[in-house]
Amino acid sequence: MTEPTRYSTAPVELPLPHELEPSPVEGCAACSWLVDVRTLARAQGDMSKVSDYNVLLRRHPYGH
């Protein structure tokens with residue numbers, strides 16, 4: 001077998017977006033509910049649901 005490839009420089013680290021989670025529309029009951037259930041999902045360690053609620057929050061304001 002051959003020796004694994006070794007790199008002379010460190011890997012490139014890409015910057016993360018400033019806002020990883022969408023913000024609710026102020027005064028919107030649906031957005032408020034989505035934030036509440038997202039918080040509950042995070043507390044339960046269900047990051048898949050957290051991601052799902054983030055998608056719904058990003059899409060929801062278009063209905064306003």
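Scroll up for the structure.
To start, this report covers the structure provided alongside it. (Residues numbered from 1 in each chain as written. Predicted model: local features only at pLDDT ≥ 70, side-chain atom pairs only at ≥ 80, totals over all residues. Heavy atoms only, no water.)

Some points on helix H1 (residues 29-43)
And then number 1: The terminal C-alpha atoms of H1, which comprises 15 residues, lie 21 Å apart, in line with the 21 Å expected from a rise of 1.5 Å per residue.
And then number 2: Within H1, the full set of buried residues consists of Cys31, Leu34, Val37, Arg38 and Ala41. Buried residues of H1 fall within an arc of 130° about the axis and therefore sit on the same side. Among the exposed residues of H1, those pointing more than 90 degrees away from its buried face are Ala29, Trp33 and Ala43.
And then number 3: Glycine 45, located one to two residues past H1, shows a positive phi value of around 80°. (Helix = DSSP H or I, 4+ residues; strand = E, 2+ residues; numbered from the N terminus. Expected span 1.5 Å × (residues − 1). Buried < 20%, exposed > 50% of the residue type's maximum accessible area, 1.4 Å probe, protein only. Arc of directions from axis to C-beta.)

Some points on the packing of H1 against helix H2 (residues 47-59)
And then number 1: Relative orientation of the contacting elements H1 and H2 amounts to 165°, with a least axis distance of 8 Å. Classified by the interaxial angle, the pair formed by H1 and H2 is roughly antiparallel. In this structure, the crossing between H1 and H2 has a hand that is left-handed. Where H1 approaches H2, its residues Cys31, Leu34, Val35, Val37, Arg38, Ala41 and Arg42 are matched on the opposing element by Met47, Lys49, Val50, Tyr53, Asn54, Leu56 and Leu57.
And then number 2: Per-class residue counts for the contact of H1 with H2 are ten nonpolar, one polar and three charged. (Axes fitted to C-alpha atoms, helices over the stretch in contact; angles between N-to-C directions. Parallel < 35°, antiparallel > 145°, perpendicular 65-115°, else oblique. Left-handed = near helix turned anticlockwise from the far one by under 90°. Contact = heavy atoms within 4.5 Å. Nonpolar A, V, L, I, M, F, W, Y, C, P; charged D, E, K, R; others polar.)

Quick look at the packing of aromatic side chains
And then number 1: Applying the stated rule across the entire model yields one aromatic pair.
And then number 2: Both rings, one in tryptophan 33 and one in tyrosine 53, keep their centres 6.4 Å apart while their planes meet at 80°; by these two values the pair is edge-to-face. You can see tryptophan 33 sitting in helix H1 and its partner tyrosine 53 sitting in helix H2, a full 20 residues away along the chain.
And then number 3: Tryptophan 33 gets classed as exposed once you look at its relative accessible area, which sits at 51%. (Phe/Tyr/Trp six-rings, centres within 6.5 Å; stacked < 30°, edge-to-face > 60°.)

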